[in-house]
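# Descriptive analysis of the structure
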Number of protein chains: 2
Amino acid sequence: MIQPRPRTIPEATVARLAVYLRVLTALADGGRSTVSSGELAAAAGVNPAGLRKDLSHLGSCGVRGVGYEVRTVRDRISRVLGVERSRACVLVGMGNLGSALADYAGFGSRGFAFVGLFDADPARIGQSIGGHTVRQMDELEDVVAATQASIGVITTPAEVAQSVCDRLATAGVRSILNFAPVTLAAPPGIDVRKVDLSVELQVLAFLGQQRLVPALDDTAVGEPA
Amino acid sequence: MIQPRPRTIPEATVARLAVYLRVLTALADGGRSTVSSGELAAAAGVNPAGLRKDLSHLGSCGVRGVGYEVRTVRDRISRVLGVERSRACVLVGMGNLGSALADYAGFGSRGFAFVGLFDADPARIGQSIGGHTVRQMDELEDVVAATQASIGVITTPAEVAQSVCDRLATAGVRSILNFAPVTLAAPPGIDVRKVDLSVELQVLAFLGQQRLVPALDDTAVGEPA
DNA sequence: AGTTGTGAAAAACTTCACAGCA
DNA sequence: TGCTGTGAAGTTTTTCACAACT
């Protein structure tokens, strides 16, 4: 039984492919035609062998002794990641973070189009952010249905995030990116991914602190000096 | 105080501890005195056995047959994560995202204090965001030195992120959280952590698309067109 | 009974090392 | 020669299963 390419690409690989795609796009724009795994890996901050293994998941297309053809690999990653077709996203919660996302041009070039911005605060409704008008929550279901939006982004306060999640799921969104600092429960079949900025900072702080400790080995963790 | 425990807590565990801490804080505020690993795990979105293993890294303190004492575990995680003492952070790049972070109250309660906001754009200098005044880049080194800031957050455009990173590192910052969509090179001993919002969306989109595909099995991903 | 703490098994991921090919 | 592609080894992380304890 021949199964040369397992149909599933590891999640860790997918995340890195997105990074490679960015680097390759920049290289292609700069007129570069080939790269070696070493150079590409350095630019992406990963190990060269790992990069080669990642690329091998897309039925890889390097040339031994030479390297990878920039545009070929770029296009192949685009195709696998589905960047080619644009995906409709709705964004709920137009506070500072929501506004920042709505206004960030980088998403458009990566195949994401915000087709609806929503907020519960009447003061924000009607405002224009990143070329879109903020709508009231009532319209959420209709917009999702009309635009076939498949992705929802939640940037609301934590208290309402779950109910927004429920509404998005019911409305037909299939993937949710959650910035609210709560763990969301979603029906099976709905993919929820969480980005927690405080957690990132805390991990960073912990690692930084840990780097200093191994000398003073047995002083307990929290001794104030 | 004997310390038979290995001094290193796995990074994956650290990230989850931060999540548990949030849940425990909410429970404590709600007057709850004990939780089982099952309930806590559900609230944090993880597997109960994994949660127990995570907590075991802090010399765990559950009661068999009963569960964990909410405040005890909360305090212990706080101590290990170093949330108790406040950490000085500087933030460079006061666009939408930078402003959102500066204005987010959640950081303060988690032990992070922004002690300096910086931007290169003269139009932004002097503005007040989240109770702090935006300063010009010239002052970066002085502020880092004066405040002993150990964490730097980069929310600048990609093009200048590397130079900001270099300046932060030279100024004495030891950990950097990078939101700019580039991979930064930093001197050894400096910890860089990256949050890439586009990558998160792309992974989400890929996983969503992948869920639909397994039917059409052999239409190859990489047919050279 | 009910729940923790943890060794041991399993899975996922990373790195190494080198064969294979241009 | 130089660089890719990949099996194999190594490491980390997750999951399981159950003894230990209240």
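The rules behind the values
Residues numbered from 1 in each chain as written. Chains lettered and ligands numbered in written order. Predicted model: local features only at pLDDT ≥ 70, side-chain atom pairs only at ≥ 80, totals over all residues. Heavy atoms only, no water. UniProt positions renumbered as here; feature names shortened; annotations may be inferred. Helix = DSSP H or I, 4+ residues; strand = E, 2+ residues; numbered from the N terminus. Salt bridge = Lys/Arg side-chain N within 4 Å of Asp/Glu carboxyl O. Buried < 20%, exposed > 50% of the residue type's maximum accessible area, 1.4 Å probe, protein only. Contact = heavy atoms within 4.5 Å. Least-squares fit on C-alpha atoms with pLDDT ≥ 70 in both. Near = heavy atom within 4 Å. Polar contact = N/O pair within 3.5 Å; in protein donor to acceptor, adjacent residues only side chain to side chain. Nonpolar A, V, L, I, M, F, W, Y, C, P; charged D, E, K, R; others polar. Pairing = 2+ DSSP bridges.

The sites that carry the UniProt feature "DNA-binding region" (unreviewed entry) are, in the present numbering, residues 19-58 of chain A. Between the C-alpha atoms that bound residues 19-58 of chain A there is a distance of 15 Å. The span itself is 70% helix and 5% strand.

Once that is clear, we can look at the pattern of salt bridges. In this structure the tally under the stated criterion is 19 salt bridges over all chains. Two residues, Arg167 of chain A and Glu141 of chain A, come together in a salt bridge whose shortest N-O distance is 2.9 Å. Here Glu141 of chain A lies in helix H7 (residues 140-147) and Arg167 of chain A lies in helix H8 (residues 158-171), a separation of 26 residues in the sequence. The exposure class assigned to Arg167 of chain A is partly exposed, which follows from its relative accessible area of 28%. Accessibility expressed as a relative area gives 28% for Glu141 of chain A, which makes it partly exposed. Asp54 of chain B is paired through a salt bridge with Arg16 of chain B; the nearest N and O atoms lie 2.6 Å apart. With a gap of 38 residues between them, Asp54 of chain B in helix H3 (residues 48-56) and Arg16 of chain B in helix H1 (residues 11-29) connect regions that are remote in the sequence. When its relative accessible area of 2% is taken as the criterion, Asp54 of chain B is described as buried. Ionic contacts of the salt-bridge type, sharing partners, join the residues Glu11 and Arg193 of chain A together with Glu200 of chain B into one network.

Once that is clear, we can look at the side chain of Ser175 of chain A. Along the chain, Ser175 of chain A turns up in strand E9 (residues 175-178). Discounting chain neighbours no more than four positions away, the residues touching Ser175 of chain A are Ser150, Ile151, Gly152 and Asp191 of chain A together with Leu204 and Gly208 of chain B.

With that settled, the discussion passes to the UniProt feature "binding site: NAD(+)" (unreviewed entry) in chain A. Residue and element names in this part refer to chain A. Within this structure's numbering, the places UniProt gives as "binding site: NAD(+)" (unreviewed entry) are Gly93, Met94, Gly95, Asn96, Leu97 and Gly98. Among the structural elements, Met94 can be located in the loop between strand E4 (87-92) and helix H5 (96-103). Sequence-distant contacts of Met94, that is, excluding residues within four places in its chain, are made with Ser99, Ala102, Leu117, Phe118, Asp119, Arg124, Ile129 and Val134. Structurally, the position occupied by Asn96 is in helix H5.

This part takes up the relation of the copies chain B and chain A. Under the fitted operation, chain B is carried onto chain A by 0.0 Å of movement along the axis and a turn of 180 degrees, and the coordinates agree to an RMSD of 0.1 Å. Overall, the copies show the geometry of a two-fold rotation axis. Looking at the rotation axis and the C-alpha trace of chain B, the residue lying nearest is Leu97 of chain B, at 3.1 Å. A shared binding surface is used by both copies, with 97% of the interface residues of chain B retained as interface residues in chain A.

What follows covers the protein's contact with DNA strand D. Of all residues adjacent to DNA strand D, which total 23 residues, the nearest are Ser37, Arg52, Ser60 and Tyr68 of chain A together with Arg16 of chain B. At 2.6 Å, a backbone N or O of Ser37 of chain A approaches a phosphate oxygen of DNA strand D. Taking Arg64 of chain A, its side chain carries an N or O atom lying 3.0 Å from a base oxygen of DNA strand D. Put simply, the parts of the chain that give the surface near DNA strand D at least two residues each are helix H3 (48-56), strand E2 (62-63) and strand E3 (67-69) of chain A together with H1 and H3 of chain B. Looking at which element gives the most residues to the surface near DNA strand D, the answer is H3 of chain B, with four residues. Partitioned by chemical class, the residues of the surface near DNA strand D number seven nonpolar, nine polar and seven charged.

A word on the pairing of strand E4 (residues 87-92) of chain B. Residues and elements named next belong to chain B. Within E4, six of the six residues are buried, which leaves the element mostly enclosed by the surrounding structure. With six bridges joining them, E4 and strand E5 (residues 112-119) adopt parallel strand pairing. Paired with Arg87 across the bridge in E5 is Phe112. As judged from the four bridges shared by E4 and strand E8 (residues 151-154), these two strands associate in the parallel manner. If you follow Val92 over to E8, its bridge partner there is Ile154.

Here we come to the protein's contact with DNA strand C. Around DNA strand C lies a shell of 22 residues, among which Ser37, Arg52, Ser60, Arg64 and Tyr68 of chain B are the nearest. Each atom of DNA strand C within 4 Å of the protein belongs either to a base or to sugar and phosphate, the latter forming 58%. Measuring from a phosphate oxygen of DNA strand C, one finds a backbone N or O atom of Gly62 of chain B at 2.9 Å. The separation between a phosphate oxygen of DNA strand C and a polar side-chain atom of Tyr68 of chain B is 2.7 Å. Those elements that place two or more of their residues in the surface near DNA strand C are H3 of chain A together with H3, strand E2 (62-63) and strand E3 (67-69) of chain B. Ranked by residue count, the leading element in the surface near DNA strand C is H3 of chain A, at four residues. Partitioned by chemical class, the residues of the surface near DNA strand C number six nonpolar, nine polar and seven charged.

Turning our attention to the pairing of E5 of chain B. Residues and elements named next belong to chain B. The buried fraction of E5 is high, at six of eight residues. Where E5 and strand E7 (residues 132-136) come together, three bridges link them in parallel fashion. Across the sheet, Asp119 pairs through a bridge with Gln136, a residue of E7.

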